[in-house]
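# Coordinate analysis (summary)
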Amino acid sequence: IPLMSKNESWKFPAGFWWGVASAAFQVEGAVKAEGRGPSIWDALLHRVEGYTVANQTGDITDNQYYLYKQDIARIAALGVKTYSFSISWSRVFPFGNGPVNELALAHYDDVINTCIEYGVEPSVTLYHWDLPLNLQNTYGGWLGPQIVDDFVAYAKVVFGRYGNRVARWFTVNEPIVFCDNYPLPDNYFTNTSIPKVQQPYWCGHHVILAHANAYHLAKSMGINGTVSFKTNGGYKIPLTNSSEDAIAVQRAWDFNEGWFANPIFLTGDYPQYLKEFVSGFLPEFTDAEKSLINGSADIFAHDAYTSQFYMAPDSGIAACTSNTSNPLYPSCANTTYTYTTADGGWNVGPAADPLSPWLHKATDWVPLFLHYIQDTWKPTGGIAVTEFGFAEPFEVLKTIKADILFDPIRSSYYREYMEAILIAISEGVDVKGTLAWSIVDNLEWNSGFQVKFGMQYVNLTTQERAYKASFFEYVNAFKLYGTDPVTPHFVSS
Ligand code: GBH
């Protein structure tokens, strides 16, 4: 594998933060420990046959609920600056609202203090998809307006307890995924009368309101650390230079990033095209809500893994009035554009049923992507790439018989991606930080444990961790180009 090349005009500015990320449900396990209440993902994986590839569950995963000290020590030993993890809402509030579980608060106290002791800044996400099951069952979860108050009450407890020790906060992770891409099975969770095609927009509406209210609460409580919102999506490339494809690309931005980023960064309101196309049932913000929402993020935090080529749909744009044919995407989005990944000449990630191979090593588009975000949403506090990663394709793992430590394509993904960020920075894009996904191999939602996004391999029988080559590739970028030194921390026990 070629090493990262030295280029004199590249530099990460002082204060650039970099680290690794995870999410509670994907790594913690211990789902019944110390008063944790069930989340919708416990229910999905236990009760819906085939929801993960081999009916795997989140019961144990990486057991990080118990092994966090080792996990923090292992990243500190490589000089990683920040660990970004999520708090499990149903640990803190086993019913989602109501009584607070002191054991859970004490647990995250210790996780945060351990990070600090090891010289690793804690970064915390409040919601990474693991909704307390009770809220789903009583009022339809994100479809019910009461979610806004319940989320803010949860945020208040967490901010109050840890607000003096967390370097950066993320309220909600990738709402498109839980509002649209991964909808709950039909008729499985009840208590909503909202028609399916409308559900993504009500979910998104409540997400934006919950976020904006939590943002202002954090500011009024005077907590330390930035507060942001995590959007996600790939770079959108027109398939041809036709005007139809240019329009398709614009619609794709509006329907994905713009759905959340326009309200939060531009106008307090949805993109104009969304308002026109989702006509009749796009929820509306009041003027007071618009001013609350506009400007409610300190950083543009975006998860960007890959890219796609967009084109106008063959059949023309269909009216968005009823449910669309693809059950995976109930929203109106795929009636207004379509996309392919076939033309990039990219390495493809692992294909694991039931997921299509969505992941491509499309790092060549990253500088343009970062320019696009800066030019379009003009975030005053800069941009952070809060998740990026690649799972080594199964064929490669088979050939080299080392599913684990030697991950050549993933290594080149990280090297090229970091080079692309350095190029963007040298061209004037204000990139503040990066979080590699993920600290360890973990439960990849409905792909289970087959798809491995970890910087470290995990033996799921012994729970032993091992650094992969790609982890060193990532750290090396900061050794070569960092203004701040990479400082490993060791703590004697
Ligand atoms: C992130 O989402 C998640 O935040 C994280 O929890 C996850 O482990 C990580 O990515 C790796 O996947 O089946 O073709 O319709 C990234 C965005 C959105 C990518 C849903 C996969 C399904 C694509 N993801 N998408 S497809």
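- In the nomenclature of an unreviewed UniProt entry, the protein corresponds to Glycoside hydrolase family 1 protein from the organism Hyaloscypha variabilis.
- What UniProt states about the protein under its Sequence similarities (unreviewed entry) heading is, verbatim, "Belongs to the glycosyl hydrolase 1 family."

## Description of the confidence of the model for the protein
- The share of residues in the protein with pLDDT of 70 or more is 93%, and the mean pLDDT across the chain is 91.
- Among the prediction metrics, the complex's ipTM stands at 0.95, with pTM recorded as 0.96.

## Brief notes about the state of the cysteines
- Enumeration over the complete set of coordinates arrives at one disulfide.
- Disulfide partner of Cys179: Cys203, at an S-S distance of 2.1 Å. Judged by the sign of its S-S torsion, about -70°, the bond between Cys179 and Cys203 is left-handed. In this pair, Cys179 is assigned in helix H8 (residues 175-181) and Cys203 in helix H9 (residues 199-221), connecting sequence segments 24 residues apart.
- Take Cys179: its relative accessible area is 5%, and that puts it in the buried class.
- On the basis of relative accessible area, Cys203 is assigned to the buried category, the value being 4%.

## Section: unusual backbone geometry
- The amide bond that connects Trp437 to the next residue, Ser438, takes the cis arrangement and shows omega of 15°.
- By secondary structure assignment, the location of Ser438 is in the loop between strand S11 (431-437) and strand S12 (456-458).
- With phi around 80°, Trp129 is a residue other than glycine that occupies positive phi space.
- By the secondary structure assignment, Trp129 is in the loop between strand S3 (121-127) and helix H6 (133-139).
- Classification of Trp129 by relative accessible area gives buried; the value is 5%.
- Here Gln463, not a glycine, exhibits a phi torsion of approximately 65°, which is positive.

## Considering the sheet that holds strand S4 (residues 168-173)
- In space, the eight strands of this closed barrel follow the order S1-S2-S3-S4-S5-S7-S10-S11, with parallel pairing throughout. The sheet shows a mean angle of 25° between the axes of neighbouring strands, taken without regard to direction.
- Of the pairings in the sheet, the one linking strand S10 (residues 383-388) to S11 comprises four bridges and is parallel in character. From the neighbouring strand, Val385 faces S11, where its bridge partner is Thr434.

## Remarks on the pairing of strand S2 (residues 82-86)
- Extensive coverage of S2 is indicated by the burial of five of its five residues.
- Alternating positions in S2 separate into two faces, Thr82, Ser84 and Ser86 on one and Tyr83 and Phe85 on the other, with burial throughout.
- As judged from the three bridges shared by strand S1 (residues 17-21) and S2, these two strands associate in the parallel manner. Across the sheet, the residue bridging to Gly19 is Thr82, located in S2.
- Where S2 lies against S3, five bridges are found, and the strand directions are parallel. Across the sheet, the residue bridging to Phe85 is Val124, located in S3.

## Details of the packing of aromatic side chains
- Applying the stated criterion to the full structure yields 58 aromatic pairs.
- Among the aromatic residues, those joined into a ring-pair cluster are Phe12, Phe16, Trp18, Phe388, Phe390, Tyr413, Tyr414, Tyr417, Tyr474 and Phe478.
- One cation-aromatic arrangement involves Arg91 over Tyr65; the distance from NZ or CZ to the ring centre is 4.0 Å.

## Describing the sheet that holds strand S9 (residues 338-340)
- Taken in spatial order, the three strands of this open sheet run S6-S8-S9, and their pairing is mixed. What marks the edges here is a single partner per strand, and that holds for strand S6 (235-238) and S9. Direction aside, neighbouring strands of the sheet carry axes that sit 40° apart on average.
- In terms of strand pairing, S6 meets strand S8 (residues 307-311) through four bridges, oriented parallel.

## Looking at helix H15 (residues 408-426)
- With 19 residues, H15 extends 27 Å from end C-alpha to end C-alpha; this agrees with the ideal 27 Å at 1.5 Å per step.
- For H15, the tally of buried residues reaches 15 of 19 residues, placing the bulk of the element in the interior.
- Just downstream of H15 lies Gly428, where phi reads positive at about 100°.

Quick notes on the rules
Residues numbered from 1 in each chain as written. Predicted model: local features only at pLDDT ≥ 70, side-chain atom pairs only at ≥ 80, totals over all residues. Heavy atoms only, no water. UniProt positions renumbered as here; feature names shortened; annotations may be inferred. pLDDT = per-residue confidence, 0-100. Disulfide = S-S within 2.5 Å. Helix = DSSP H or I, 4+ residues; strand = E, 2+ residues; numbered from the N terminus. Buried < 20%, exposed > 50% of the residue type's maximum accessible area, 1.4 Å probe, protein only. Pairing = 2+ DSSP bridges. Axes fitted to C-alpha atoms, helices over the stretch in contact; angles between N-to-C directions. Phe/Tyr/Trp six-rings, centres within 6.5 Å; stacked < 30°, edge-to-face > 60°. Lys NZ or Arg CZ within 6 Å of the ring centre and 35° of its normal. Expected span 1.5 Å × (residues − 1).

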